[in-house]
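A look at the structure
Spelled out, the chains give:
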Amino acid sequence: GIKGTSIPCHYHVLHKDRRLGAIGAKDLQVMTYQLCHVYPRGDKAVSYASPAYLADHCAERGKLYLETQYDDSAELASSRPSGEDPDPKMQQLVEERV
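Described in the following lines is the structure provided in the data block.

By secondary structure assignment, the location of serine 47 is in the loop between helix H1 (25-35) and helix H2 (50-69). Side-chain polar atoms of serine 47 contact the side chain of tyrosine 53, separated by 3.3 Å.

The following block contains the structure:
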C-alpha cells in the first residue's frame, strides 16, 4: 500500500448504547473509516480515526507541560508512593514510545 496507510487497526466496542438504535457493526466500521479522512492537520487520509490522533496530540502536550512544571526528577520521585522503586524496563518502554 501507499506509505503510511497499511497499518491495521483493531477497534473494540466497549459499550453500545441502546439509544444508537439500529447502528450495527458495519455502520461503525464505515463511520470509523470516514473519520480517517477528516484529520485537520493533514491533507490525506490517516491510518486511524482522527479523534484518536487528536487525543494523542493532547496527551503529548500535557506530558510536555508537566515536564516543564516538574523538571526536577526529585519532585517526580516524591510523588511516587514511598518504598516503590521505578521500574527500569517500564521507563525504557516509555522513553522509546515518546
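Right, picking up where we left off after that structure.
Throughout the structure, instances matching the rule amount to three salt bridges. With its nearest N and O atoms 2.6 Å apart, the salt bridge here joins arginine 19 to aspartate 17. Of the residues examined, arginine 19 reaches a relative accessible area of 72% and is grouped as exposed. Here glutamate 60 makes a salt bridge to lysine 63, at a shortest N to O gap of 3.9 Å. Of this pair, glutamate 60 and lysine 63 both sit in helix H2, three residues apart, which is roughly one turn of the helix. Taking the relative accessible area as the measure of exposure, lysine 63 reaches 24% and is therefore partly exposed. In the salt-bridge network here, residues are joined through shared partners; they are Glu60, Lys63 and Glu67.

Another aspect to go through is the packing of aromatic side chains. Each aromatic ring pair is summarised here by two numbers: the centre-to-centre distance and the angle between the ring planes. Throughout the structure, instances matching the rule amount to two aromatic pairs. Between the aromatic rings of tyrosine 39 and tyrosine 53, the centroid separation amounts to 5.0 Å while the plane-to-plane angle is 45°, which identifies the pairing as tilted. Here tyrosine 39 is found in the loop between H1 and H2, whereas its partner tyrosine 53 is found in helix H2, with 14 residues between them in sequence. Considered together, tyrosine 39 and tyrosine 53 belong to a single accessibility category, that of buried residues. Among the aromatic residues, those joined into a ring-pair cluster are Tyr39, Tyr48 and Tyr53.

Thresholds, definitions, all that
Residues numbered from 1 in each chain as written. Predicted model: local features only at pLDDT ≥ 70, side-chain atom pairs only at ≥ 80, totals over all residues. Heavy atoms only, no water. Helix = DSSP H or I, 4+ residues; strand = E, 2+ residues; numbered from the N terminus. Polar contact = N/O pair within 3.5 Å; in protein donor to acceptor, adjacent residues only side chain to side chain. Salt bridge = Lys/Arg side-chain N within 4 Å of Asp/Glu carboxyl O. Buried < 20%, exposed > 50% of the residue type's maximum accessible area, 1.4 Å probe, protein only. Phe/Tyr/Trp six-rings, centres within 6.5 Å; stacked < 30°, edge-to-face > 60°.

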